[in-house]
Amino acid sequence: MSVSERTSQVHGSVLDAIGNTPVVRLQRLFRDHDVVAKLEFMNPGGSIKDRMVRYMLRYLPAGVEHVVESSSGNTGAALAMAAAVRGLRCDVTVPDRTSTEKIRRIEAYGAQVHMCASSLAEAHEHSYYSMAESIAAEHGAFHLDQYRSALNRQAHYTDTAPELWFQLDGRIDCFVCGIGSGGTISGIGRFLKERDRRITVIGVEPLHSSYREAVTGAAPDEDGTFGTVIEGVGKRAPSGTFDAAVVDDVIQVPDDVAVDFCHRLAREEGILAGGSSGCVAAGIARLLPRLSGRVVTVFPDSGANYLSKYF
Ligand code: PMP
C-alpha cells in the first residue's frame, strides 16, 4: 500500500496513541523455547500504566479538575501525561526509592511530586498511600487508588488482554507476569482463564514479597523482611485489586538476578527494559524447565527510567 492510499493515521491526542504495543520473541535469551514479550514501554507515557490511567479517567466525576495518585512512578507519569492533555491539576505521591528519572518525568508533565518514606506501612498516615488519600480529601480531588480499585484490573481485562490475545491468535500456553498492584496479572489472567482454563498464569515478585503466600499458602520466609531495589513489583501485603483466583503460582526472584537479566535483555535482545522486566525474565528462566509451549509476558517499562540505577 502506498503512503497516499493509507487512511489517516493522525491521533486526536497522545492518549489515543496508547496501546498497540509490539510483541517480540526473545530469540537469544531463550533460544530453544517460544517466549514472547509485549513491550509496554512503547506506550507514549513510557509504561503499561498509560492504559490503566486512560481507563480509570473515564470514571472522573463531572466537574472535578484535580487528580491524585500514589505510585511507584509509572502510574504517576501516565496520570501526569493525561492530566496535561485534559488540563487537570495533578499530584503524585511516590516512595523515596523511586528513581530520579521517573520523578523528573512526572514533573516534566507539570505535575507535583510528593516524596514519602518507603519504609512506612500502608496504614501509616505518612505512607505514600495515605498521603494521596489526604491530598484528595483536602482538595476534593479524584483519587485513582490503583491499589484498591477494581478498575485497575478491569483496564487490563478490557484493553491489554484482548489486544495481546488477538496479536497472538490465541496461541498462549503460559502467562508469566510481575506483580505490583496486581492489576496486570489479575486482569489479563482472568481474560485468559475465561478463554481457556488450561492456560497457566504465574506471578513473579522479589524475595519476601507477599503474593506467593497469598496464592500458594506457602509460609513467609523467616530470614528476611521485604525490601527491594526493583521498582514496581512486590508488596508487603497483597493489594485489594489483586485476584488470587486467576493465579496458579507465584515465584520469587533475588534483586541481583533481576538486575542481571535486565542487562542481558539489553545486551542479548537489544531490549532496554526496566527492573521488573528483568525480574520476570529471570522468573521465566527459572520456570522454563517445567513449562511447555508458548510463554508470554509483558515488559511494563523501559530501562531508560533506571540508567543511573541498574545500568
Ligand atoms: N513493573 C513496573 C515497572 C511497574 O511500574 C508496575 C506497576 N506498579 C508493575 C511492574 C506491576 O504492574 P501491576 O501494578 O499491574 O501489578
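From a predicted model like this one, the values you see are computed outputs, not experimental measurements.

Novice: Sorry if this is basic, but what is going on with the overall build of the protein chain here?
Specialist: Along its length, the protein chain carries nine helices and ten strands. By the compact-globule yardstick of 19 Å for 311 residues, the protein chain fits well, its C-alpha radius of gyration being 19 Å. Along the first, second and third principal axes, the C-alpha atoms of the protein chain reach 65 × 55 × 40 Å. The proportion of buried residues among the 311 residues of the protein chain is 50%. A separation of at least 24 residues holds for 72% of the contacts in the protein chain among residues at least 6 apart in sequence.

Novice: I would appreciate a short explanation of helix α2 (residues 74-86) in the present structure.
Specialist: Residues that lie three or four places apart on an α-helix share one face, since the helix turns once every 3.6 residues. Between its terminal C-alpha atoms α2 stretches 18 Å, which fits the 18 Å expected from 13 residues at 1.5 Å a residue. Summarising burial for α2: ten of the 13 residues are buried, a large majority. Here α2 has its buried residues at Asn-74, Thr-75, Gly-76, Ala-77, Ala-78, Leu-79, Ala-80, Met-81, Ala-82 and Ala-83. The inward-facing, buried residues of α2 contact α1 (49-56), β3 (66-70), β4 (89-95) and α3 (100-108). Phi turns positive, to about 70°, at Gly-87, one or two residues after α2.

Novice: It is not clear to me how the domain arrangement of the protein chain should be interpreted in this structure. Could you clarify?
Specialist: Taken domain by domain, the protein chain holds domain 1 (3-42 + 150-306) and domain 2 (49-143). Just the C-alpha atoms count here: the centres of domain 1 and domain 2 sit 23 Å apart. Considering only residue class, the side of domain 1 that touches domain 2 consists of nine nonpolar, eight polar and four charged.

Novice: Can you walk me through the confidence of the model for the protein chain in this structure?
Specialist: Note: predicted coordinates in regions of low pLDDT should not be interpreted at a detailed level. Averaged over the protein chain, the pLDDT score is 95; the fraction of residues at 70 or greater is 98%. Among the prediction metrics, the complex's ipTM stands at 0.99, with pTM recorded as 0.95.

Novice: Would you mind showing me how to read the nonpolar core here?
Specialist: When a protein is soluble and globular, its nonpolar side chains tend to lie buried together. Of all hydrophobic cores here, the largest spans 51 residues; its most connected members are Phe-175, Val-176 and Cys-177. Residues contacting Cys-177, with those up to four places away along its chain left out, are Thr-184, Ile-185, Ile-188, Gly-203, Val-204, Val-280, Thr-297 and Val-298. Core analysis: the next-biggest nonpolar cluster, separate from the first, contains 33 residues, Tyr-55, Val-94, Ala-136 and Ala-141 among them.

Novice: Where do I start with the site of the ligand in this structure?
Specialist: In the vicinity of the ligand lie 17 residues, with Gly-180, Ser-181, Thr-184, Gly-232 and Ser-276 positioned nearest. Residue classes in the shell around the ligand are distributed as three nonpolar, twelve polar and two charged.

Novice: Even after reading the chapter, I still don't get the pairing of strand β2 (residues 34-39), so can you show me in this structure?
Specialist: Within a regular strand, the side chains alternate between the two sheet faces. With three bridges joining them, strand β1 (residues 23-25) and β2 adopt antiparallel strand pairing. Pairing of Val-24 across the sheet is with Ala-37, part of β2. Of the strand pairs in this sheet, β2 and strand β10 (residues 294-299) are connected by six bridges, and their pairing is parallel. Following the sheet pairing, Ala-37 is matched in β10 by Thr-297.

Novice: Would you mind showing me how to read the sheet that holds β2 here?
Specialist: What links the strands of a sheet is backbone hydrogen bonding, and the strands pair in either a parallel or an antiparallel sense. Reading across the sheet, the six strands line up as β1-β2-β10-β7-β8-β9 and stay open at both edges, with mixed pairing between neighbours. Strands at the two margins of the open sheet, each flanked by one partner only, are β1 and β9 (249-253). Along the sheet, successive strands turn relative to each other by an average axial angle of 25°, direction set aside. Pairing of strand β7 (residues 174-178) with strand β8 (residues 200-206) involves five bridges; the strand directions are parallel. Bridge pairing in β8 places Phe-175 opposite Val-201. Strands in contact with helix α6 (residues 183-195) are β7, β8 and β10; relative to β7, the strand with the most contacts, it is inclined by about 170°. The sheet strands contacting helix α9 (residues 275-287) are β2, β7, β8, β9 and β10, and the helix crosses β7 at an angle near 140°.

Novice: Sorry, what's going on with the packing of α2 against α3 here?
Specialist: Describing two packed helices takes the angle between their axes plus the distance from one axis to the other. Relative to each other, α2 and α3 sit at 15°, their axes nearing to 8 Å. By the angle between their axes, α2 is roughly parallel relative to α3. Seen from above, α2 lies across α3 with left-handed handedness. Between α2, through Gly-76, Ala-77 and Ala-80, and α3, the contact on the second element is made entirely by Lys-102, Arg-105 and Ile-106.

Novice: Would you explain the environment of Ala-108 in this entry?
Specialist: Mapped onto the secondary structure, Ala-108 falls in helix α3. Residue Ala-108 is classed as exposed on the basis of its C-beta count, with 12 C-beta atoms lying within 10 Å. Put simply, Ala-108 and Leu-120 are twelve residues apart on the chain and 27 Å apart in space, counted from C-alpha to C-alpha.

What counts, and at which threshold
Residues numbered from 1 in each chain as written. Predicted model: local features only at pLDDT ≥ 70, side-chain atom pairs only at ≥ 80, totals over all residues. Helix = DSSP H or I, 4+ residues; strand = E, 2+ residues; numbered from the N terminus. Rg over C-alpha atoms; globule rule 2.2 N^0.38 Å. Buried ≥ 20, exposed ≤ 12 C-beta atoms within 10 Å, placed from the backbone. Contact = placed C-beta atoms within 7 Å. Expected span 1.5 Å × (residues − 1). Domains from an automatic or database assignment. Nonpolar A, V, L, I, M, F, W, Y, C, P; charged D, E, K, R; others polar. pLDDT = per-residue confidence, 0-100. Core = buried A, V, L, I, M, F, W, Y, C linked by C-beta atoms within 7 Å. Near = placed C-beta within 6 Å. Pairing = 2+ DSSP bridges. Axes fitted to C-alpha atoms, helices over the stretch in contact; angles between N-to-C directions. Parallel < 35°, antiparallel > 145°, perpendicular 65-115°, else oblique. Left-handed = near helix turned anticlockwise from the far one by under 90°.

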